[in-house]
Amino acid sequence: MTGTAPRARSALGGAVVVAIIGLVIFVSARWADVGRPEFFYLADAFLHGRVWLDQSFGIYDFVRSGERFYVPFAPFPALGLAPLVALVGPASAAQSEPLIDAALVATSLALLWRLAGRLGVRQTRDRAWLVVLFGLSTATWWIAMRGGVWHTGQLFASVLTFGALLEANGRRRPFVLGLLGGAGFLSRPTLAAAFPYWAWRSLPDGGRTRLADAVRRLGLLGAGAVPAVLFALWYNAIRFGNPLESGYALAVLPPFLEAQRAEGLFSVRHLPMNLQYLLLEVPRFVPRFPWIAADGLGMSIFLTSPGLLLALRADWRRRETVLLGLTALLVLIPSLLYYVGGWFQYGYRYALDAIPFVMGICALAAARRGIGRPWQALILIGVVVNFLGVLWNYFG
């Protein structure tokens, strides 16, 4: 009984923190309609046996073939939204996007809360700081506030990645890891790079097992991922006649992005540009409220998310820490080689594909040393910077 009460208090504290952050995001997103509800209408198309839309919702980021308009972004969000769309229709469902996006963030935060506990974070206040770090001190706030076809996939991907991390540090069922990893890939293709980590976590601790058992476990992981891979190949083939053509290379773009894509969809030529956006880009100060202006191309993660430096305090002699770090890097590399850094944005939103793994390292650091006042201050600096992004969105 003595152990039950602290766990109940911790769960209640987590629910309160998650609810508050979810409410903050919902309120900040309430009036930010970017008018790009493609995933809701793609869900409706799937329900009616189509893979195309009958209209475009913007002047860029679609593929047109005659009177058909294809969504180039990975399709899992449409699959996830299909039950709601079946109930109320695409137009009504799209009107609820601020609530849906806030709920997706809240789900990620709830999973992070539990993950932190499994990684050894015992203090409720430390778990709360980790949740604040991901929810309000990264580009999560920006993409949930803005909504739209560019961002929904990343919100789904965060939920799926945190779910997989929780499973990887819990029951470690290979088939479940394959399902979650495959769905993550169908939300953000960069997450295919996380499969070596899911494979390692599918094996018993330390990876020491009989060959037959290892083959069985890895086979179950693959079986879980196969539906997503087959769907992606079919989806590409039926739209564009090529199972490997996602549509990213065909989408209508503004001229400056079209020129960059002409140098290669993925190329080392884009690496300096993306490193600039990720590490060095800074806003301009202007003489009107809210006194800063971003260029929409990116912003240094050291400004928007300095609290992620907490990961440096983890024990880097542990295999788990190193593998989480390597996985984060592997997931990030495709974005660093991509022709665009995530425009239009505040921060560097493509880093969000990798940040759940960094949050795992931050949790290991918090379990080891706690989150002291200097680190709390860094998290709060990120909250302030991201709040300025919200103000800039509405008043800049």
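Structure's up top.
All of these numbers come straight from a predicted model, not from anything done at the bench.

1. Overview of the overall build of the protein chain
Per the secondary structure count, the protein chain includes 17 helices and four strands. Expected size for 396 residues packed as a compact globule is a radius of gyration near 21 Å; at 21 Å, the protein chain falls within 12% of this value. Along the first, second and third principal axes, the C-alpha set of the protein chain runs to 65 × 65 × 45 Å. Across the 396 residues that make up the protein chain, the buried fraction comes to 57%. Long-range pairs, those at least 24 residues apart, make up 74% of the contacts in the protein chain between residues at least 6 apart in sequence.

2. A closer look at the packing of helix α5 (residues 97–118) against helix α6 (residues 124–136)
The geometry of α5 relative to α6 is characterised by a closest axis approach of 9 Å and an angle of 140° between their N-to-C directions. What the angle tells us is that α5 and α6 run oblique. Along this stretch, α5 crosses α6, giving a crossing that reads as right-handed. Together, S108, L109, L112, W113, A116 and G117 of α5 and T124, R127, A128, L130, V131, F134 and G135 of α6 make up the contact between the two elements.

3. Here's the deal with helix α10 (residues 195–202)
Among the eight residues in α10, seven count as buried, and that is most of the element. All buried positions along α10 are accounted for by F195, Y197, W198, A199, W200, R201 and S202.

4. Remarks on the environment of M145
One can find M145 in helix α7 (residues 140–146). A residue is classified by how much of its surface remains accessible, and M145, at 1% relative accessible area, is buried. In this structure the C-alpha to C-alpha distance between M145 and H48, which are 97 residues apart in sequence, comes to 30 Å.

5. Brief notes about unusual backbone geometry
F289 connects to P290 through a cis peptide bond whose omega is 5°. Along the polypeptide, P290 turns up in the loop between β3 (284–285) and β4 (292–293). With a phi close to 60°, R172 is a non-glycine residue in the positive phi region. With respect to the helices and strands, R172 occurs in the loop between α8 (149–168) and α9 (174–187). Positive phi is not limited to glycine here, since W291 has a value of about 75°. Note on W291: relative accessible area 48%, which makes it partly exposed.

6. Some thoughts on the nonpolar core
Counting 131 residues, the largest nonpolar core has L42, L130, W198, F357 and M359 as its most contacted members. When residues in this core are grouped by element, the largest group, 12 residues, is from α8. Aside from chain neighbours lying at most four places away, what touches W198 is T161, A164, L165, A168, L177, G181, L221 and F357.

Procedures and definitions
Residues numbered from 1 in each chain as written. Predicted model: local features only at pLDDT ≥ 70, side-chain atom pairs only at ≥ 80, totals over all residues. Heavy atoms only, no water. Helix = DSSP H or I, 4+ residues; strand = E, 2+ residues; numbered from the N terminus. Rg over C-alpha atoms; globule rule 2.2 N^0.38 Å. Buried < 20%, exposed > 50% of the residue type's maximum accessible area, 1.4 Å probe, protein only. Contact = heavy atoms within 4.5 Å. Axes fitted to C-alpha atoms, helices over the stretch in contact; angles between N-to-C directions. Parallel < 35°, antiparallel > 145°, perpendicular 65-115°, else oblique. Left-handed = near helix turned anticlockwise from the far one by under 90°. Core = buried A, V, L, I, M, F, W, Y, C linked by side-chain atoms within 4.5 Å.

Remember, this is a structural readout, not a statement about activity or role.
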